[in-house]
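# Analysis of the macromolecular model
Below, each chain spelled out in residue letters.
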There are 2 protein chains.
Amino acid sequence: MTGANEVKRTMDSRITKALSNEDAPDLNLIELLFFAYRDFTADPDLILEKIDFGRAHHRVLYFINRKPGMTVAELLDVLKITKQSLARVLKQLIDTEHVVQVTGPRDRRQRELYPTAKGRELALALALPQSRRIAQALQESGPENRRAIESFLKAMVNPDQRAQIDSLPAAG
Amino acid sequence: MTGANEVKRTMDSRITKALSNEDAPDLNLIELLFFAYRDFTADPDLILEKIDFGRAHHRVLYFINRKPGMTVAELLDVLKITKQSLARVLKQLIDTEHVVQVTGPRDRRQRELYPTAKGRELALALALPQSRRIAQALQESGPENRRAIESFLKAMVNPDQRAQIDSLPAAG
DNA sequence: AAACTAAGTCAACAAGGCTGACATATTTTT
DNA sequence: AAAAATATGTCAGCCTTGTTGACTTAGTTT
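Parameters at a glance
Residues numbered from 1 in each chain as written. Chains lettered and ligands numbered in written order. Predicted model: local features only at pLDDT ≥ 70, side-chain atom pairs only at ≥ 80, totals over all residues. Heavy atoms only, no water. 1 Å grid on protein atoms, 1.4 Å probe; cavity = no way out; pocket = protein on both sides within 12 Å on 5 of 7 lines; lining within 4 Å. Points joined across faces, edges and corners; volume = space filled by probe spheres on them. Helix = DSSP H or I, 4+ residues; strand = E, 2+ residues; numbered from the N terminus. Nonpolar A, V, L, I, M, F, W, Y, C, P; charged D, E, K, R; others polar. Buried < 20%, exposed > 50% of the residue type's maximum accessible area, 1.4 Å probe, protein only. Pairing = 2+ DSSP bridges. Phe/Tyr/Trp six-rings, centres within 6.5 Å; stacked < 30°, edge-to-face > 60°. Lys NZ or Arg CZ within 6 Å of the ring centre and 35° of its normal. Near = heavy atom within 4 Å. Polar contact = N/O pair within 3.5 Å; in protein donor to acceptor, adjacent residues only side chain to side chain.

As a further point, take the layout of surface pockets. By volume, the largest pocket amounts to about 680 Å³. Every residue lining the largest pocket is counted, 27 residues in all, and those nearest its centre are Tyr-37 and Arg-55 of chain A together with Tyr-37, Arg-55 and Arg-59 of chain B. If you list the elements that add at least two residues to the lining of the largest pocket, you get α1 (27-50) and α2 (55-66) of chain A together with α2 (27-50), α3 (55-66) and α5 (83-95) of chain B. Sorting elements by how many residues they give to the lining of the largest pocket places α1 of chain A first, with 7 residues. Class assignment for the residues of the lining of the largest pocket results in 13 nonpolar, 3 polar and 11 charged.

Right, here's the structure in full:
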């Protein structure tokens, strides 16, 4: 309320016209993606905080469940984080027996990552509210649009990384 | 030979079957949302890091541009963060003259937030790659599906918060 | 034997969330 | 008029999750 932050009135340089679709197309889709993703991730967050895990644990656990036997390098490539970042949460997932490591059969330097029964259960519990939200949204907006929505979201992904999606089972 | 191998097999608690759509429906949409959002936000990140801003600045600047004159409380409600978190980035946006504050005309406790020309320019520069990505994805997946995609994403948002979306101009 | 590779680890740092406590105007209620 | 409530700002400290850089160990490739 003092000096530096005082509101200036003499040089009124403010813009009062809203940024609109005329300035940049599809602003409504930009913010819909923001809101949809915000609420989509809020569901599992509620479960995670009860067991002192965060979103990082969720992502790691999710992909290990989606592709059991994934190596550390593969996981890093999917998540696009550094191995030091991964190490922190992966260690916790292993310590809490949600995930186990197995020395790679072909290349013994590699570590294959697998969920345990406990890890599978948690992954499912985290996926369920998201599944429900998606099912309800599909219902509400017309189930016949499913292919279109999948196709759009896939087209939003960088072309060189769509292979990652196809490498997951039953995700065609 | 019953030793190591035998023990390893019986104690082997790992799950090797991939989590699939049979376990929870729409896993493919769960990961598509993850990948799409990841790449969608990566575009503006490249611009932001050049000027030492982050995603938090982007979100604040975006909504101030979308609804000039927004108060601090409104912004907090949209972003779902605390005022302390907002203060940090908002202060920087004000100091760098991307945003100005004006004392509320009706209620003088309020601070209306407006972009400056500089702030509008930056918001546009950040929106453009996202607009392009969306336009290209719509093209690729069939422009006739636009309404369906908008409808789906809106249905993904918590019902009590869809009013936020409608309160933005030209976002019907 | 040497070079490369996969993974793990230590240390330090930054962004951007959070809580709690308190200050200052201003408006609303009593 | 006084008291209470509200909108905003600010100080201080904490947590998660990302980053870089340097180095180790084990195993594979050349």
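Back to the write-up after that little detour.
Next up on the list: the pairing of strand β3 (residues 111-115) of chain B. Side chains on a regular strand alternate between the two faces of the sheet. Residues and elements named next belong to chain B. Counted residue by residue, β3 has 4 buried out of 5 residues, so it is predominantly covered. For strand β1 (residues 70-71) and β3, the ladder comprises 2 bridges, and the chain directions are antiparallel. Bridging across to β3, Met-70 finds its partner in Leu-113. Sheet topology note: the strand β2 (residues 99-103)/β3 ladder contains 5 bridges and is antiparallel. In the sheet register, Val-102 faces β3, and the bridge partner there is Glu-112.

Applying the stated criterion across every chain yields a total of 11 aromatic pairs over all chains. Ring geometry for Tyr-37 of chain A versus Tyr-37 of chain B: centroids 3.9 Å apart, planes at 5°, classification stacked. With Tyr-37 of chain A in helix α1 and Tyr-37 of chain B in helix α2, the pair connects residues from two separate chains. Exposure remark for Tyr-37 of chain B: the relative accessible area of 13% places this residue in the buried category. Arranged with centres 6.0 Å apart and planes meeting at 45°, the rings of Tyr-37 of chain B and Phe-40 of chain B form a pair that is tilted. Of this pair, Tyr-37 of chain B and Phe-40 of chain B both sit in helix α2, 3 residues apart, which is roughly one turn of the helix. Put simply, the rings of Phe-34 and Phe-35 of chain A together with Tyr-62 and Phe-63 of chain B touch in pairs and so form one group of aromatic residues. Its guanidinium or amino end placed over the ring of Tyr-114 of chain A, Arg-14 of chain B lies 4.5 Å from that ring's centre, counting from NZ or CZ.

So, about the protein's contact with DNA strand C. Neighbouring DNA strand C are 24 residues; Lys-83 and Gln-101 of chain A together with Arg-59, Thr-82 and Arg-88 of chain B lie closest to it. Backbone atoms, meaning sugar plus phosphate, form 56% of the atoms of DNA strand C positioned within 4 Å of the protein. Between DNA strand C and the protein, one listed contact pairs a base oxygen with a side-chain N or O atom of Lys-83 of chain A at 2.4 Å. Here a base nitrogen of DNA strand C sits 2.4 Å away from a polar atom, N or O, in the side chain of Arg-88 of chain B. The set of elements that each furnish at least two residues to the surface near DNA strand C consists of α3 (72-79) and α4 (83-95) of chain A together with α3 and α5 of chain B.

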